[in-house]
Structures are given as C-alpha cells and as structure tokens.
Amino acid sequence: MPTLPSLLAHVLPLLAAQEAGFGGAAGAPAIEEAPPVDDSPGQAELRARLTALEREAPAPAAATPAKRTKLEEELERAHLDPTLPLLAFRIELARAEAELAEVTARLARPEIVKEVQRRVDELQRMSDLIERIALARLVKCSRTLGAPVVIKTWRMTAGGPVALTAKDMVEQAPDGDPDGCERITLVDADTVAQVRRLFALRGELAARSFGYHAVAERKKLEAERDQLERALEQQALAGSYVANPPR
C-alpha cells in the first residue's frame, strides 16, 4: 500500500504545473485541438481543384485610362499647356461631351444618361460666358496694339437684327490671336472660379427650399448671385443688337 509521502511525490508536480511560477501561465487558456481534416476522396479532390483555381486566377487588371479627346490631341501637337485655365475648362467640357456620346451609344440606363446630359448642359452654359469674357478681353487687348479684332455681336435676318450666340462669335475670332493678346492667357483661374461660383449659386437657389428661418441666408445668396452676374456680364462680349444696325 502506497504511503502518504509517495502519493504526494506524484501529485505535487502535477499541481505545480498549473500554478504561476512553475513554468505555466496563470489562467492560461486550454489549447484547442485542430478539427480533424476530412481526407475522404471527394473532399480531397475539391480542395485540389480550389487550390488550382487560386493559382490560375489572373491578376486584377489595371484601370483602363480614359481615352483622350480630339482637343487634347490637338493641344499636344500645338505644344500648348493644357493646364492653362481656359484650356483646362475646354478639356473638361470636351471630356463630358465624349462621356455623353459614350453612355448614349451603349444604351446606358436613362438616369445615367440624364445625369451626364445635365452636367454637359451646365458646362456648356458656363463655357458660353467664359468664352464671351475671353473674346471681350481679346478685343480690348487688340485695340491697345493698334490692330483691333472686330467681332460682330448681331446678324441681320428678314425679321431684323438677331443677337449672336457665343459659338457664333467665337467662330469669328482669328485662327491665331495677336501676340500678347492670346485668349488662353487672358483668362485666369479666378475668372473661371467666379463663373463656377455663379452657376453653383444659381443651382442652389433653384433646387433648395428655404424655410422661414433661412430667409436671411437666401437673400444673402441672391445678393451674391446678382453681384457676380453683373460683374461677369460687364466683362463679357454681349450678343447684343441695335435697332438700326449699320449696313
């Protein structure tokens, strides 16, 4: 029969292994055994197929760069800086028009086409104002050189004189602006930013519902819009006409 000392000699080492300071961590979690692997033929074959598919999967394709517009290609051939504010805006409009043509051609969802069309329409309206400002600055600058560029702002019709659009006036400009009076240098970033702000104000005032508590804010925005409209239109070549135009 085992004696008490011999029993303690066997039990104490087992208890010590569970206590801190004897090689074990106090409160250490029990080590969970990994679940057994299903080595059945069907499961082994499935794992092999999945591994092969992972190895054969192609790497993610890089994003396809946007196709350059005809305008960008022409600017590159002419060695013109596309970051100039007027050129950068023209490129933005050209890209939006190209996107509209693309989504229309591939029969995109109506809501997508409508949103792109809305953006193109707004950019075109901004372009009309920016281009008229550029023409006005060209005319003024050319006069200081003693070789004024003449741009008609009206045309005669059977019903009388009709104001020309910005596109009509731009088409009258010379192929090459006089040295020192290039429109691409006469239009600065601040002018483009002011035009963007004007159209942003128009959009917000048209779309936003101002409650009674926001009357003061609405009037403030309207005043800013009106001030910008006056300032920018005074700088722009207006498509105006006269009652009795010269022949």
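See the structure printed just above.
All of these numbers come straight from a predicted model, not from anything done at the bench.

Draft legend 1. Structural detail: the overall build of the protein. Across its full length, the protein carries 9 helices and 2 strands. Split into buried and exposed, the 247 residues of the protein put 25% on the buried side. Surface summary for the protein: the accessible area is close to 17800 Å², and the carbon and sulfur share equals 58%.

Draft legend 2. Just the state of the cysteines, in detail. Inspection of the entire model under this criterion finds 1 disulfide. Paired by a disulfide, C141 and C181 hold their sulfur atoms 2.0 Å apart. When the S-S torsion is -75°, as for the bridge of C141 with C181, the disulfide is left-handed. With a gap of 40 residues between them, C141 in helix α5 (residues 110-144) and C181 in the loop between α6 (166-170) and α7 (183-186) connect regions that are remote in the sequence.

Draft legend 3. Local environment of the packing of aromatic side chains. Summed over all chains, the structure comprises 0 aromatic pairs. K152 extends its terminal NZ or CZ atom over the ring of W154, reaching a point 4.5 Å from the ring centre. Over the face of the ring belonging to F199 we find R202, whose NZ or CZ atom lies 4.9 Å from the ring centre.

Draft legend 4. Molecular detail of the pattern of salt bridges. Using the criterion set out here, one finds 19 salt bridges in the structure. A salt bridge links R118 to E115; the nearest nitrogen and oxygen atoms lie 2.8 Å apart. Of this pair, R118 and E115 both sit in helix α5, 3 residues apart, which is roughly one turn of that helix. On the basis of relative accessibility, which here comes to 42%, the residue R118 falls in the partly exposed class. When salt bridges with common partners are traced through the structure, they connect E115, R118 and E122 into a single cluster.

Draft legend 5. Region of interest: helix α8 (residues 189-207). If you check α8, its first and last C-alpha atoms are 27 Å apart, about what 19 residues at 1.5 Å a residue would give, namely 27 Å. Residues T191, V192, V195, L198, F199, L201 and L205 constitute the buried set of α8. Elements in contact with the buried residues of α8: α4 (85-105), α5 and α9 (215-235).

Draft legend 6. Up close: the nonpolar core. Residues L129, I130 and V195 are the most contacted members of the largest nonpolar core, which totals 32 residues. Where this core is concerned, the elements lending two or more residues are α4, α5, α8 and α9. In this structure V195 touches M126, L129, I130, I133 and L232, once residues within four positions along its chain are discounted. With 12 residues, the next largest nonpolar core counts L138, C141, V149 and L164 among its residues.

Definitions and cut-offs
- Residues numbered from 1 in each chain as written.
- Predicted model: local features only at pLDDT ≥ 70, side-chain atom pairs only at ≥ 80, totals over all residues.
- Heavy atoms only, no water.
- Helix = DSSP H or I, 4+ residues; strand = E, 2+ residues; numbered from the N terminus.
- Buried < 20%, exposed > 50% of the residue type's maximum accessible area, 1.4 Å probe, protein only.
- Areas by Shrake-Rupley, 256 points an atom, 1.4 Å probe, with all protein chains shown as cover.
- Disulfide = S-S within 2.5 Å.
- Phe/Tyr/Trp six-rings, centres within 6.5 Å; stacked < 30°, edge-to-face > 60°.
- Lys NZ or Arg CZ within 6 Å of the ring centre and 35° of its normal.
- Salt bridge = Lys/Arg side-chain N within 4 Å of Asp/Glu carboxyl O.
- Expected span 1.5 Å × (residues − 1).
- Contact = heavy atoms within 4.5 Å.
- Core = buried A, V, L, I, M, F, W, Y, C linked by side-chain atoms within 4.5 Å.

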